[in-house]
Amino acid sequence: MGRLFGTDGVRGIANEKLNIELAMRLGSAAAVVISGNSRRRPVFVVGMDSRMSSDMLAMACAAGLCSVGADVIMLGLVPTPAVAYLVGKYKADAGIMISASHNPAEFNGIKMFSGEGVKLPDELEERIENYALGEIAPPVPAAPEAIGKVTYMSDQVVKDYVDHLVSTVSYSLEGLNIAVDCANGSASSTARRLFDALGAQTHMLFDQPDGLNINQGCGSTHLDELKAYVREHGLDAGVAFDGD
């Protein structure tokens, strides 16, 4: 194990080690391995963070999935836990998150979730590696009429995920002034809606991702700006996310 998958998915510098060819092979391999001998078309949800390379890798994974007959629901910019939750809500067979978490923008990663929203077992990851590394015959391409379809539903995704988060919280943040550092990453799509729904007066920081500024002097690994902002404005608390 560990030839491609580490402790948290497949990671590397985008367009170098982690290129579109590898992403496509991982997508097609995952569809075949996870669907097993089922005759039903497998369905995957695919989310991503805000890195410049995330669109490229998400589309490459989707292409690989579709090429062997899997359907894909593209979630757009979402946090990693959203993929873990939505794979179940949308009755998908598995989920893929494109992200390298707290790492700089030039890195990226591909993390896979089972239909239960948890990390794939080691034996499934190893079988996916066998296909992706060419150690066994590649998956058979789908017939033209059986190629998978892609559905885009990013607006509904954020609502469904935030509604779920709010339903798990039994208290209100009303009356609290809170600074939220989104690391110019995935939380930029969800944090304001969440904290506003909980009643907080929310001060948004680093919530303008441009593809290159994720985790750049901000987020959970760079707390100085957040701490200074909380002190300067006399806020009750500050919360920092990392890129995913």
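Values in this document were obtained by computation on a predicted structure and should not be read as measured data.

Trainee: So what exactly am I meant to see when it comes to the sheet that holds strand 3 (residues 43-48) here?
Mentor: Taking strand neighbours across the sheet as the criterion, the seven strands line up as 1-2-6-5-3-4-7 in an open arrangement whose pairing is mixed. Two strands bound the open sheet, and with one partner strand each, they are strand 1 (5-6) and strand 7 (150-152). Bridging between strand 3 and strand 5 (residues 94-98) involves five bridges; their strand directions are parallel. Opposite phenylalanine 44, over in strand 5, you have alanine 94 as the bridge partner. Relative to the sheet, helix 1 (residues 20-35) contacts strand 1, strand 2 (9-13), strand 3, strand 5 and strand 6 (107-114), its axis offset from that of strand 6 by approximately 5°. Running over the sheet, helix 3 (residues 80-89) touches strand 3, strand 4 (71-77), strand 5 and strand 6 and is turned about 165° from strand 5.

Trainee: Just checking my understanding: could you explain the layout of surface pockets for this structure?
Mentor: Using a probe with the size of a water molecule, rolled over the atoms, empty space left in the structure can be pinpointed. When its volume is computed, the largest pocket comes out at roughly 260 Å³. In this structure, the largest pocket is lined by 15 residues; those nearest its centre are Pro79, Tyr161, Leu165, Leu194 and Phe241. Among the elements of the structure, helix 3, helix 5 (154-167) and helix 6 (191-197) are those that each provide at least two residues to the lining of the largest pocket. Top element by residues in the lining of the largest pocket is helix 6. It accounts for three residues.

Trainee: Would you take a moment to explain the pattern of salt bridges for this structure?
Mentor: Within this structure, the stated rule accounts for eight salt bridges. Three or more residues joined by partner-sharing salt bridges are found here, namely Arg3, Glu129 and Glu135.

Trainee: Hey, could you run me through the pairing of strand 4 in this one?
Mentor: The side chains of a regular strand alternate, residue by residue, between the two faces of the sheet. Of all seven residues making up strand 4, six are buried, and the element is well covered by its neighbours. Two strands pair when backbone bridges link them, and strand 3 and strand 4 are joined in this way by six bridges, in the parallel orientation. Pairing of valine 46 across the sheet is with methionine 74, part of strand 4. Running through helix 2 (residues 54-67), the crossover from strand 3 to the neighbouring parallel element strand 4 is right-handed. Pairing analysis gives three bridges linking strand 4 to strand 7, with the strands arranged parallel.

Trainee: How should the side chain of threonine 202 be read in this particular structure?
Mentor: As for its placement among the helices and strands, threonine 202 is situated in strand 9 (residues 201-205). For threonine 202, the side chain forms a polar contact with the side chain of aspartate 196, separated by 3.1 Å. Ignoring sequence-local partners within four residues, the contact set of threonine 202 consists of Ile178, Val180, Arg192, Phe195 and Asp196.

Trainee: Looking at this structure, how should I read the sheet that holds strand 9?
Mentor: By definition, the strands of a sheet pair up through backbone hydrogen bonds, in either a parallel or an antiparallel sense. Strand order across the open sheet formed by three strands is 9-8-10, with parallel pairing between neighbours. Only two strands of the sheet have a single partner each, and these edge strands are strand 9 and strand 10 (237-240). The average undirected angle you get between the axes of adjacent strands in this sheet is 20°. As paired elements, strand 8 (residues 177-181) and strand 10 share four bridges and run parallel to each other. Each residue of the ladder has a partner; that of isoleucine 178, found in strand 10, is alanine 237. Along the sheet, helix 7 (residues 224-232) contacts strand 8, strand 9 and strand 10; its crossing angle with strand 10, the most-contacted strand, is approximately 160°.

Trainee: What is the right way to look at the environment of alanine 58 in this model?
Mentor: Mapped onto the elements, alanine 58 comes out in helix 2. Distance in space between the C-alpha atoms of alanine 58 and methionine 24 is 9.2 Å, their sequence separation being 34 residues. Alanine 58 has contacts with Val46, Met48, Met74 and Ile98, leaving out every residue within four places of it along the chain.

Trainee: How should I be thinking about helix 3 in this particular structure?
Mentor: Among the residues of helix 3, those classed as buried are Thr80, Ala82, Val83, Leu86 and Val87. Each buried residue of helix 3 sits inside an arc of 140° when the element is viewed along its axis, so together they form one side. Those residues of helix 3 hidden inside the fold are in contact with strand 3, strand 4, strand 5, strand 6 and helix 5. Where helix 3 ends, the next residue or the one after it, lysine 91, has phi of about 55°, a positive value.

Trainee: Looking at this structure, I do not really get the pairing of strand 6. What am I missing?
Mentor: A large share of strand 6 lies buried, amounting to six of its eight residues. Looking at chain direction, strand 2 and strand 6 are connected through four bridges and run antiparallel. Paired with glycine 12 across the bridge in strand 6 is asparagine 108.

Trainee: What am I meant to see in the side chain of serine 186 here?
Mentor: For serine 186, the position within the fold is in the loop between strand 8 and helix 6. The class of serine 186 is buried, set by a relative accessible area of 0%. When near neighbours in sequence (up to four residues on either side) are disregarded, serine 186 contacts Met48, Asp49, Leu77, Val78, Pro79, Met97, Gly243 and Asp244.

Conventions we followed
- Residues numbered from 1 in each chain as written.
- Predicted model: local features only at pLDDT ≥ 70, side-chain atom pairs only at ≥ 80, totals over all residues.
- Heavy atoms only, no water.
- Pairing = 2+ DSSP bridges.
- Helix = DSSP H or I, 4+ residues; strand = E, 2+ residues; numbered from the N terminus.
- Contact = heavy atoms within 4.5 Å.
- Axes fitted to C-alpha atoms, helices over the stretch in contact; angles between N-to-C directions.
- 1 Å grid on protein atoms, 1.4 Å probe; cavity = no way out; pocket = protein on both sides within 12 Å on 5 of 7 lines; lining within 4 Å.
- Points joined across faces, edges and corners; volume = space filled by probe spheres on them.
- Salt bridge = Lys/Arg side-chain N within 4 Å of Asp/Glu carboxyl O.
- Buried < 20%, exposed > 50% of the residue type's maximum accessible area, 1.4 Å probe, protein only.
- Right-handed = clockwise from strand over helix to strand, strands pointing away.
- Polar contact = N/O pair within 3.5 Å; in protein donor to acceptor, adjacent residues only side chain to side chain.
- Arc of directions from axis to C-beta.

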